[in-house]
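# Survey of secondary and tertiary structure
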Protein chains: 2
Amino acid sequence: MLEEKYLLMLPGPTPVPPPVALAQAMPMMNHRGEAFTALFREITAGLQRVFRTRQPVLVLPGSGTGGFETALQNFVAPGEKVLAVVTGAFGDRWAKGARALGYEVERLDVEWGRAADPGELRERLAAGRDRPIRAVLLTHNETSTGVTNPIRELAQVAREHGALVMVDSVSGLGALPIEMDEWGLDVVLTGAQKALMCPPGLTLLAASPRAWEASDRNPGPRFYFDLRPYRDGYEKASLPYTPALALLYALRESLRLIEREGLEAAWARHRLLGRMTRAGVRAMGLELLVRDDRFASDSVTAVKAPPGLSPSAIRRTARERFGVILAGGQGPLSETVFRIGHLGYVVPGDVVQALAAVEGALALHGLPVELGRAAAAAEAVWLDALREQAPAPART
Amino acid sequence: MLEEKYLLMLPGPTPVPPPVALAQAMPMMNHRGEAFTALFREITAGLQRVFRTRQPVLVLPGSGTGGFETALQNFVAPGEKVLAVVTGAFGDRWAKGARALGYEVERLDVEWGRAADPGELRERLAAGRDRPIRAVLLTHNETSTGVTNPIRELAQVAREHGALVMVDSVSGLGALPIEMDEWGLDVVLTGAQKALMCPPGLTLLAASPRAWEASDRNPGPRFYFDLRPYRDGYEKASLPYTPALALLYALRESLRLIEREGLEAAWARHRLLGRMTRAGVRAMGLELLVRDDRFASDSVTAVKAPPGLSPSAIRRTARERFGVILAGGQGPLSETVFRIGHLGYVVPGDVVQALAAVEGALALHGLPVELGRAAAAAEAVWLDALREQAPAPART
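Parameters and conventions
Residues numbered from 1 in each chain as written. Chains lettered and ligands numbered in written order. Predicted model: local features only at pLDDT ≥ 70, side-chain atom pairs only at ≥ 80, totals over all residues. Heavy atoms only, no water. UniProt positions renumbered as here; feature names shortened; annotations may be inferred. Pairing = 2+ DSSP bridges. Helix = DSSP H or I, 4+ residues; strand = E, 2+ residues; numbered from the N terminus. Domains from an automatic or database assignment. Contact = heavy atoms within 4.5 Å. Buried area = accessible area lost by both parts, 1.4 Å probe. Salt bridge = Lys/Arg side-chain N within 4 Å of Asp/Glu carboxyl O. Phe/Tyr/Trp six-rings, centres within 6.5 Å; stacked < 30°, edge-to-face > 60°.

As named in an unreviewed UniProt entry, chain A is Class V aminotransferase, taken from Caldinitratiruptor microaerophilus. Listed under Cofactor (unreviewed entry) in UniProt, the entry text for chain A is "pyridoxal 5'-phosphate". Check the Sequence similarities (unreviewed entry) section of the UniProt entry for chain A; it says "Belongs to the class-V pyridoxal-phosphate-dependent aminotransferase family."

Rendered as structure tokens:
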């Protein structure tokens, strides 16, 4: 096997397009000079378009977890109460992180593999309590389970209650529809290494005017991750500290690619990737973790390993024999589930290849498999989509 | 002018060698897989060699300021007292940052352009006070003034007092001698975008056993920047969150370059670059901010603009007409000083070129300049060094 050519089907880091990867090799520049201003302006304008917001989108160092911590520390005062809606490992991480940072955390736990229910959130918020809930922490796309939560409806309930709506859209934004301003989301954060097709290392974060008001009132200590200097320097393209320049070069390039494809077209592509994946998985007789297709994620799919075969064995064989890299399950799902990431720089053909690797792995492990069924099911979905897009091509 | 070819003489970001820049374009990988383990092990072993330590060197996202905040929050408990030795803008930033984070901060202010004096530090520490000083915050190389502080001696004084020695070596490590273990430094941090020749975005941090003990006792809230999971996962190459992979590819490559040159050879090269720069600046009749050559930095030189000409005018002309990018002064020095960075991927010829640009800018601005004097002085230093290294080359 040509080990250097593998297909990365992780829910992050995701594959990086060659022009994005190579953009990083451009020479460094003075981040206080004019060339930087042009770079910064192009990036932030592009980010506002993908966030669907008129608010500044801040570019910060670190991964999504860092962005999450930063958001809490800026927009919620120390010791205040937050409600964490937990639908999987990342929701759980936010709840535990908020507690570690000294917040009072109330949890709304949802069975892993199911989506949060706006009605249940409304009931919970209506319950009497001694201290008000200042913020509701939501996960747009729960990467660990492959559930897409109904953010628009959940946000509306939280806003009716008067709480800030803080949304982790790390594995959502860019792949799945999200409308920050229209849906009234107060804080939205994502990482560049997911649907935005960049290498990891950048967190992107936008906040609503009422979130900024909360930040200005917040007496909590903060310095490096005090977002106010970022906001105050935004118009002048002035950053308080040296930014990760090479990653900004990459991000500029990936935003250009998104612009060229069109954001709605990217959403449609991910919708197709998700449907193909689910059709293929079902066709080979495997079970999806998410039973309700309405909430099945179009950026990552969690698949239950068949009885008698561990997810890590499937992943190892897929990697070593078929050159396809899949993700494992997280936390309590680690022994039962593997995940297929299909977000960012991924095309339908990649899904066919990934499904072939899973099917082949099952066969090599001695399971009764009819080769080609997964591909057939995925191709059928693909062809339907192609036929909807355009009439049959000319035969001559 | 070919605008795309400019000479970056900043004290960071510094020029990135082509193999380092291109390494970033390598495909992403699973940061929980075996290939990552090999990458992590090579990087950390290389970092231990440049830090001169047997302790783990942690690789964190962010710039030096983030690393500084992280160090404080992990190794000093909330509200405790620290002594900040301030010799310039970065020492001042640490003092202000520590205060913003809720620490009690005592300052030992030194005139900008001078080095901190170990005797003065001893006297200060001996003074009676109601609360003990838990940590002394030191700047190895003060980037704003071009002063290299006598860290070994300062650290010894701080240790005698029982305080943790926390050293910002952002623009020092890799360029200037530093011996973490031998000098008894408790925390050393640097950024990858300086002498380590990488693009910005990574902070590197190592801590002594007694600093780790302080961290384990520290009840302060922390989550994303809690360093304990990084330390605990070090042996297994397991990181708590997605690392900045492309920057790690770059760092592996730059550490290989440092290994090939040899760390002591890199120190000697920077010593030569510093001496050439100072000789050239003096030869064209300009004044150095640092009067005492014993503490003059070999990684960055601050130069006073001549009367009647602003540093920003010199920098603009050097950039626009000569293609050389210089840094401005910081804080109170912004109207009087410009800075020549000469660290990282910089060779003696670059210094000659930078000096020619400054000399040329002075001439274009109408100052009486004898062209070539700066170059002559720098070349003389260079030739002395070459003659010391080897006998005269054969004439045929």
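Residues and elements named next belong to chain B. Taken in spatial order, the four strands line up as E11-E12-E15-E14 in an open sheet, and their pairing is antiparallel. Both outer strands of the open sheet, strand E11 (287–288) and strand E14 (327–328), are each paired with one neighbouring strand and no more. Summarising the sheet, E14 and strand E15 (residues 337–341) pair through two bridges and their orientation is antiparallel. When the sheet's bridge partners are listed, Gly328 is paired in E15 with Phe338.

This part is about the domain arrangement of chain A. Residues and elements named next belong to chain A. Here chain A is partitioned into domain 1 (7–13 + 263–389) and domain 2 (18–260). The partner domain 2 presents 30 residues to the 25 residues of domain 1 that form the contact. Here domain 1 meets domain 2 over a buried area of about 2,200 Å², counting both sides, of which 64% is carbon and sulfur. Of all residues in domain 1, Leu263, Trp267 and Phe295 bury the most surface against domain 2, accounting for 29% of the area lost on that side. The shortest N-O distance in the salt bridge between Arg52 and Glu264 comes to 2.5 Å.

Turning to the packing of aromatic side chains, a few remarks are in order. A full pass over the atoms with the stated rule returns 17 aromatic pairs over all chains. A network of ring pairs unites the aromatic residues Phe223, Tyr224, Phe225 and Tyr241 of chain A together with Phe223, Tyr224, Phe225 and Tyr241 of chain B as a single cluster.

Residues and elements named next belong to chain A. Following the UniProt record, the feature "modified residue: N6-(pyridoxal phosphate)lysine" (unreviewed entry) maps to Lys194 here. Summarising the element assignment, Lys194 is placed in the loop between strand E9 (187–191) and strand E10 (202–207). Apart from residues no more than four positions distant in its own chain, Lys194 is found in contact with Pro11, Gly12, Thr14, Val170, Ser171, Leu343 and Gly344.

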